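What follows is each chain in one-letter form.
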Amino acid sequence: MADKPISPHIFRQSLAMKLLQSGVDLLTIQAWLGHARVATTHRYATADVEMMRNGLEKAGVTGDHGVRFRPNDSVLQLLNSI
């Protein structure tokens, strides 16, 4: 790591990720970083896979996808008529 260059941008990204992992909401992080749009700040949330996994667990979403949806004939007829 001693040979790796560390820029101010790396410090910004590290701070944003640490704040996000600590439970700070995206709007607060957006204000800290000075992003014009929260969509820009949202990139940090999508970058943290562990955080996404924890969110799914809190929501009760498991890896079991169960039975795939199979439309019945009336649904298929409706879709075909559109």
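## Considerations on the nonpolar core
Inside soluble globular proteins, nonpolar side chains tend to come together where they are buried.
Okay, step 1: If you look at the biggest cluster of nonpolar residues, it comprises 8 residues: Ala16, Met17, Leu19, Leu20, Ile29, Leu33, Tyr44 and Ala45.
Okay, step 2: Broken down by secondary-structure element, the contributors of at least two residues to this core are helix 1 (8-21), helix 2 (26-33) and helix 3 (38-47).
Okay, step 3: The dominant element in this core, judged by the number of residues it contributes, is helix 1, at 4 residues.

## Overview of the packing of helix 2 against helix 3
Okay, step 1: Where helix 2 meets helix 3, the axes come as close as 9 Å, and the angle between the chain directions of the two elements is 110°. Between helix 2 and helix 3, the angle falls in the class roughly perpendicular. Two packed elements cross with a definite hand, and for helix 2 against helix 3 that hand is right-handed. Along its contact with helix 2, which presents Leu26, Leu27, Ile29, Gln30 and Leu33, the element helix 3 presents Val38, Thr41, His42, Tyr44 and Ala45.
Okay, step 2: Of the residues belonging to the contact of helix 2 with helix 3, the class tally is 7 nonpolar, 3 polar and no charged.

## Remarks on the side chain of Thr41
Okay, step 1: With respect to the helices and strands, Thr41 occurs in helix 3.
Okay, step 2: For Thr41, the residues in contact, after removing those within four places along its chain, are Leu26, Ile29, Gln30 and His35.

## As for a nonpolar patch on the surface
Okay, step 1: Judged by side-chain polarity, Phe69, Val75, Leu76, Leu78, Leu79 and Ile82 come together as a nonpolar surface patch covering roughly 640 Å² of accessible area.
Okay, step 2: Note that Leu76 resides in helix 5 (residues 73-81).

## So, the confidence of the model for the protein
Atom-level detail of predicted coordinates should not be read off regions where pLDDT is low.
Okay, step 1: On average, residues of the protein score 82 in pLDDT, and 93% of them are at 70 or above.
Okay, step 2: For the protein, the element scoring lowest by mean pLDDT is helix 4 (residues 49-58), at 79; helix 2 scores highest, at 90.

## Section: the environment of His42
Okay, step 1: If you trace the backbone, His42 turns up in helix 3.
Okay, step 2: Residue His42 is classed as partly exposed on the basis of its relative accessible area, which comes to 39%.
Okay, step 3: Linking His42 and Ser81, residues 39 residues apart in sequence, is a C-alpha distance of 39 Å.

## Some thoughts on the environment of Leu19
Okay, step 1: When you line up the elements, Leu19 lands in helix 1.
Okay, step 2: Residue class for Leu19 comes out buried when judged on its relative accessible area of 16%.
Okay, step 3: The spatial distance from the C-alpha of Leu19 to the C-alpha of Ile29 is 7.2 Å, given a sequence separation of 10 residues.

Cut-offs and rules
Residues numbered from 1 in each chain as written. Predicted model: local features only at pLDDT ≥ 70, side-chain atom pairs only at ≥ 80, totals over all residues. Heavy atoms only, no water. Core = buried A, V, L, I, M, F, W, Y, C linked by side-chain atoms within 4.5 Å. Buried < 20%, exposed > 50% of the residue type's maximum accessible area, 1.4 Å probe, protein only. Helix = DSSP H or I, 4+ residues; strand = E, 2+ residues; numbered from the N terminus. Axes fitted to C-alpha atoms, helices over the stretch in contact; angles between N-to-C directions. Parallel < 35°, antiparallel > 145°, perpendicular 65-115°, else oblique. Left-handed = near helix turned anticlockwise from the far one by under 90°. Contact = heavy atoms within 4.5 Å. Nonpolar A, V, L, I, M, F, W, Y, C, P; charged D, E, K, R; others polar. Patch = residues over 30% accessible without salt bridge, like charges linked within 9 Å, V, L, I, M, F, W, Y side chains within 5 Å. Areas by Shrake-Rupley, 256 points an atom, 1.4 Å probe, with all protein chains shown as cover. Salt bridge = Lys/Arg side-chain N within 4 Å of Asp/Glu carboxyl O. pLDDT = per-residue confidence, 0-100.

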